[in-house]
Amino acid sequence: MGAFPYGELEVLLSAMVARGAYQESSAWEELGGVVGVAARVDAAVGRLWPLDPDAGPPRERGQELARALTAIAARDAATASALTEWLRRHAPPASSGTTTASTANAIGGAAVLHGPTVQAGNIHGGVHFHPPSAPPPPPPRPPVPRQLPPVTARFLDREADREALDAVRARHPAHVPQVLVVSGLAGAGKTTFACHWLREHADGFPDGQLYADLSWQAAHGEDGPTSPATVLEAFLIALGAPSVPAGIAQRAALWRSMTAELRLAVLLDSAVTAAQVRPLLPASPTGLTLVTSRNNLTGLRVDGAYLHRLEGLPTESAVELLALGGGARVAREPDAAHEVVRLCGRLPLAVGLASAQLAVRPHRSMSALAESLSRGQGAVGQLHVDGEAVMRTALDMSYDVLPEESARLYRRMGLLPTDRYDLMMLAAITTADEAEAADEAEAPHADVVDTAVHALVEANLLEETGPGTYRFHDLVQPHARRLGAEREDGERRERTLRRFVDWCLSTAASAERILTPSHPLPGHDLPADITAPTPLTTPEEALTWLDTYRNALMGAVRLCASAGWDTSCWRLTDLAWPLFQRFHVSAFAIESHRLGLDAARRSGSRAGEGRMLTSGAISLRAAGRYEEAADWYRQAWEMATGDGDARQQAQAVNGLGHLSLLTGRLDDARAQFEEALRLREAIGYRRGAALSRLRLGETALATGDLTTAAAQLRRAGDELAAMGETYEATRALALLGHVLDRAGDRADGVRRLREALARFRSGGTKAALWEARCLEWLGMAAESDGDQEASVRHYTAARDLFRRLSPTDADRLDDRLRQP
């Protein structure tokens, strides 16, 4: 920018007076052109032109215009040039040092005059002001601001985040200002990261770095975010503005004018809203605005902002930060150290506080700290600085500015025993919140729930993990639970939890009908007015829902057991059968069935008790607990016999036959499967009969009777397919393929195995355990053909799957792979 070469306001005033200011003249018209140039920088000066004779005394009006023009010329080269040219053409000539009688001025006394001066009264002749022979030097440029807060001496990792911002900066168009937003949960280290990144790029901003804290402030009796007007005032002063306008619009205009050509970095820290940021955006395309916020500030996208979310530190970097205070204890107890880091959510603030606790307590073990953080409110409530729970305070601040609907939903979500949420679940508990009116038609619309959820996502209190699926950060959930427990009364809390359980029941029932259409227990349909389920239409959707909400289902079963909602407890366990069948979650299945069995017995439901015994025995068998499984089957058989329930008798006998097959008692197994088949055919239970045939085929395979095995498996597969039991039919297909390969029909056997493998890998029939079995059988077929490469490939893939499903089978395949 240029600087106006005349340092005195009176120089311009004298030229205006000498050339007949406020009169019609060419000089005055040309001065209007100067005003037009200046108005491009500051529109306010345009309102002073032309001078209004009714607005005040001529000298006062002229002085106001002159002050505005000289102030703009001091910082704008174009205005300075135009004003200098006008004065060159129209300023009065300098005095020659001689006077005539007619023009001499007379002034008496010992007065001394400095600079252009007019004294009214005893002055005779013309009055002339002349600029000095040489203009004074331009005023010194204000200091280049370097306002970034100091940074920590130890800054760990963040390489991926640095590279992301570097890449965005490199590809940004050169002709438009750049705005970057770094958002994240409280304690993620947004300010520290922003300061480090800007310091690394300091050479790119030679005109300075400005900083402002926009966070929620409580000062002078007012509570709210820092005002943009306050920040603009500080920024303008830092850049050397001679005066600061009163209004925010004028300040913003002057800010844009002053920064239009500057290579300046501006860090706006802890912004609350996009509207708070907009007036602070500079105009220079060579500058940069970096905004940090706990909110995503998605509204700034319309201003061309790039949004970057800052997550927790990588695990190893977080462990390194923990070691600053933990020292050798981290190396001695690495598992406990990783648990501490996990409980701290890998957030730099929380991990740093944990590290500080270890530093001041050198004899405290890492295990003791991990145990402490795993209790109660965890890291949110137990990590303190000067007696303050820093993380809790930070989350309280985020919660306090939520809209009421979102705050209420946040508390309700904190009550639920789940780690995943979807919109239908949240609609159910929001309805519970509004349930003073008994009319269900008054339940909140989906868009109301979606708006409340969006505010939680925007505030980084909730993370979207998939289409319509959400989770709390590990440190946020304890905070939400505390608020739910403290601020929701008992009646509302129970209503919320009831609706959550009903949502679990109704959606689990939908999944059961899709995945195992013959499994629903006759005579135990859910009430027609139960909470609406999450819509599921395909096997893929049903399996995805079960996998995503498995912890919600377990949490609901435990909740029902502790609350005494016995019927819901055993019914939910029964409805979750496809989850246990497909995903082999043995520990979950066993716990659920134990709770469900006790609940069924308390409720007096014989059908529920029998179902829990037989299904629970399957879970025990899958876990290798054969004796306990046999005991449950026998209890189920005795109860069914006493009740005359042939279906349950067959279920128990069939289960005992499977145990006989697994333990090598093949004759017993065949007799038990045949008895189960007889009972099931007698009552017309087609699905059960087909499953007994499948078991008889497996038994024949184990005895080497491949012809009988193939016949039983073909019939079982056809019957199951006709009933829509796709999973069970695919099991029969895989077994048949293996039998045909063993019988010498390798081509047909391999074809069927590959078809079954493709189904088990697909969304609707997905079953990792059976995928592994198909791979092993394909490996055996390839080995028999002498294709060593293919056999090793299949065995290796099968072993990798077995490692997380069946370690015994994985060890067996390791042995096979080691053989030459």
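The chain appears in an unreviewed UniProt entry as Tetratricopeptide repeat protein from Streptomyces flavalbus.

Draft legend 1. The overall build of the chain, seen in detail. In terms of helices and strands, the chain carries 37 helices and 12 strands. Sorting the 820 residues of the chain into buried and exposed places 49% on the buried side. Put simply, 67% of the contacts in the chain that link residues at least 6 apart link residues at least 24 apart. Accessible surface computed for the chain: about 37,600 Å², of which carbon and sulfur atoms make up 51%.

Draft legend 2. Main features of the UniProt feature "repeat: TPR" (unreviewed entry) in the chain. Under the present numbering, the feature "repeat: TPR" (unreviewed entry) in UniProt falls on residues 650-683. In residues 650-683, helix accounts for 88% and strand for 0%; the two terminal C-alpha atoms are 10 Å from one another.

Draft legend 3. Seen up close, helix α24 (residues 566-575). By the criterion of burial, α24 is predominantly enclosed, with 9 of the 10 residues buried. Those residues of α24 that fall on the buried side of the exposure criterion are Asp 566, Ser 568, Cys 569, Trp 570, Arg 571, Leu 572, Thr 573, Asp 574 and Leu 575. In this fold, the buried residues of α24 make contact with α21 (490-515), α23 (550-563), α25 (577-583), α26 (586-603) and α27 (606-622).

Draft legend 4. Structural detail: the sheet that holds strand β7 (residues 306-309). Spatial strand order, β2-β5-β6-β1-β7: 5 strands in an open sheet with parallel pairing. Here the strands that pair on one side only, and so sit at the sheet edges, are β2 (209-213) and β7. Going from strand to strand, the sheet's axes swing by 15° on average, the running direction of each strand aside. The strands touched by helix α5 (residues 159-171) within the sheet are β1 (178-183), β6 (288-293) and β7, with β7 carrying the most contacts at an inclination of about 175°. Its contacts with the sheet put helix α6 (residues 190-200) on β1, β2, β5 (265-269) and β6, and the angle it makes with β6 is roughly 165°.

Draft legend 5. Molecular detail of the packing of aromatic side chains. A complete count under the given rule lists 12 aromatic pairs for this structure. Aromatic pair Tyr 399 and Tyr 410: ring centres 5.6 Å apart, planes at 40°, arrangement tilted. Of this pair, Tyr 399 sits in helix α16 (residues 390-400) while Tyr 410 sits in helix α17 (residues 404-415), and the two are 11 residues apart along the sequence. Note on accessibility: Tyr 399 and Tyr 410 belong to one class, buried.

Draft legend 6. Examining the layout of surface pockets more closely. Put simply, the second largest pocket is a space of about 930 Å³. In terms of lining, the second largest pocket is formed by 37 residues, of which the most central are Ala 186, Gly 187, Lys 190, Thr 191 and Arg 294. Mapped onto the lining of the second largest pocket, the elements with two or more residues apiece are α6, β6, α10 (315-326), α13 (348-360) and α16. Grouping the constituent residues of the lining of the second largest pocket by class yields 18 nonpolar, 13 polar and 6 charged.

Draft legend 7. Expanded view of α6. Within α6, the full set of buried residues consists of Lys 190, Phe 193, Ala 194, Cys 195, His 196, Trp 197 and Leu 198. Buried residues belonging to α6 abut α5, β1, β2, β5 and β6.

Draft legend 8. Layout of the environment of Asp 598. Tracing the backbone shows Asp 598 in helix α26. For the pair Asp 598 and Met 612, spaced 14 residues apart in the sequence, the C-alpha separation amounts to 9.1 Å.

Draft legend 9. Summary view of empty space enclosed by the protein. The tally for this structure, following the rule as stated, stands at 2 cavities of 30 Å³ or more. Approximately 40 Å³ is the volume attributed to the largest cavity. In terms of lining, the largest cavity is formed by Leu 185, Ala 188, Arg 309, Leu 310, Glu 311, Gly 312, Leu 347 and His 473. Among the residues forming the lining of the largest cavity, the class breakdown is 4 nonpolar, 2 polar and 2 charged. In this structure, the second largest cavity occupies an estimated 30 Å³ of space. Lining the second largest cavity are Pro 177, Gln 178, Val 179, Pro 282, Ser 284, Gly 287, Leu 288 and Thr 289. Taken together, the residues that form the lining of the second largest cavity break down as 4 nonpolar, 4 polar and no charged.

Draft legend 10. Seen up close, the pattern of salt bridges. Under the definition given, this model contains 49 salt bridges. Close ionic contact of Glu 404 with Arg 411 constitutes a salt bridge, the shortest N to O distance being 4.0 Å. We classify Arg 411 as buried; its relative accessible area is 11%. Between Arg 693 and Glu 681 there is a salt bridge whose closest N-O contact spans 2.5 Å. Residue Arg 693 is found in helix α31 (residues 686-703), and its partner Glu 681 is found in helix α30 (residues 666-682); the two are separated by 12 residues along the sequence. A residue is classified by how much of its surface remains accessible, and Arg 693, at 7% relative accessible area, is buried. Taken together, the shared-partner salt bridges connect Glu 404, Arg 408, Arg 411, Arg 412 and Glu 488 into one network.

Draft legend 11. The sheet that holds strand β11 (residues 462-466), seen in detail. Overall, antiparallel pairing links the 3 strands, which are arranged β10-β12-β11 in an open sheet. Each end of this open sheet is capped by a strand with a single partner; those strands are β10 (421-422) and β11. Across 4 bridges, β11 lies against strand β12 (residues 469-472) in antiparallel orientation. By the bridge assignment for β12, Leu 462 is matched with Phe 472.

Draft legend 12. Molecular detail of a nonpolar patch on the surface. The grouping of Trp 216, Met 397 and Val 401 at the surface amounts to a nonpolar patch, some 250 Å² of accessible area in total. Within the secondary structure, Val 401 sits in the loop between α16 and α17.

Draft legend 13. Up close: unusual backbone geometry. The phi dihedral of Arg 346 falls on the positive side, at around 60°, and the residue is not glycine. Structurally, Arg 346 can be placed in the loop between α12 (334-343) and α13. A relative accessible area of 31% places Arg 346 in the partly exposed class. Backbone geometry places Asn 460, a non-glycine residue, at a positive phi of 60°. Its place among the elements puts Asn 460 in the loop between α19 (446-458) and β11.

Draft legend 14. Structural view of the environment of Arg 301. When you line up the elements, Arg 301 lands in the loop between β6 and β7. Through-space distance from the C-alpha of Arg 301 to that of Val 181 is 9.5 Å; in sequence the pair is 120 residues apart.

Draft legend 15. Structural context of the environment of Ala 729. One can find Ala 729 in helix α33 (residues 726-742). Classification of Ala 729 by relative accessible area gives buried; the value is 7%. As for Ala 729 and Leu 713, which are separated by 16 residues in sequence, their C-alpha atoms are 9.3 Å apart. In contact with Ala 729, not counting residues within four places along its chain, are Gly 717, Leu 720 and Ala 721.

Draft legend 16. Highlighting the pairing of β6. Buried residues dominate β6, accounting for 6 of its 6 residues. Of the two faces of β6, the one carrying Leu 288, Leu 290 and Thr 292 and the one carrying Thr 289, Val 291 and Ser 293 are both buried. Bridge analysis of β1 against β6 gives 6 bridges, and the strand direction is parallel. By the bridge assignment, Val 182 is partnered in β6 with Thr 292. Taken together, the 4 bridges between β5 and β6 define a ladder with parallel strand orientation. Each residue of the ladder has a partner; that of Val 266, found in β6, is Thr 289.

Rules used throughout
- Numbers given for residues are sequential positions, taken from 1 along each chain in its written order.
- Residue-level local features of this predicted model are given only where pLDDT is at least 70; pairs of side-chain atoms are given and counted only at 80 or more, and the full residue set underlies all totals for whole chains, interfaces and linings.
- Side-chain measures here rest on the full set of heavy atoms in the structure, leaving out hydrogens and waters.
- By definition, any uninterrupted DSSP run of H or I lasting at least four residues is a helix, any uninterrupted run of E lasting at least two residues is a strand, and each is numbered from the N terminus.
- Only protein chains enter the accessibility calculation, which uses a 1.4 Å probe. A residue is then buried if its area is under 20% of the maximum for its type, exposed if over 50%, and partly exposed in between.
- Contact criterion: two residues are considered in contact whenever any of their non-hydrogen atoms come within 4.5 Å of each other.
- Per-residue and other accessible areas were derived by the Shrake-Rupley procedure at a 1.4 Å probe size, with only the shown protein chains allowed to occlude residues.
- UniProt positions are given in the numbering used here, feature names are shortened, and annotations may be inferred rather than shown by experiment.
- Strand pairing follows a simple DSSP-based rule, namely that at least 2 bridges must link the two strands.
- Fitted lines through C-alpha atoms serve as axes, helices being fitted only where they are in contact, and the angles separating the N-to-C directions of these axes extend from 0 to 180 degrees.
- Note on aromatic pairs: the rings of Phe, Tyr and Trp (six-membered ring only in Trp) are paired at centre separations within 6.5 Å, and the planes decide the class, stacked below 30 degrees, edge-to-face beyond 60, tilted for the rest.
- A pocket here means an open set of points on a 1 Å grid, computed over the protein atoms alone, that has protein on both sides within 12 Å along at least five of seven lines. A cavity is instead a set of points where a 1.4 Å probe fits but cannot get out; residues with an atom within 4 Å of a point line either one.
- Grid points are joined across faces, edges and corners, and a volume is the space filled by probe spheres set on the points.
- Any residue outside Ala, Val, Leu, Ile, Met, Phe, Trp, Tyr, Cys, Pro, Asp, Glu, Lys and Arg is labelled polar, Gly included; the first ten of those are nonpolar and the last four are charged.
- Between Lys or Arg on one side and Asp or Glu on the other, a salt bridge is scored when a side-chain nitrogen of the former is within 4 Å of a carboxyl oxygen of the latter.
- Nonpolar side chains (Val, Leu, Ile, Met, Phe, Trp, Tyr) within 5 Å and like charges within 9 Å form the patches, drawn only from residues with over 30% relative accessible area and no salt bridge.

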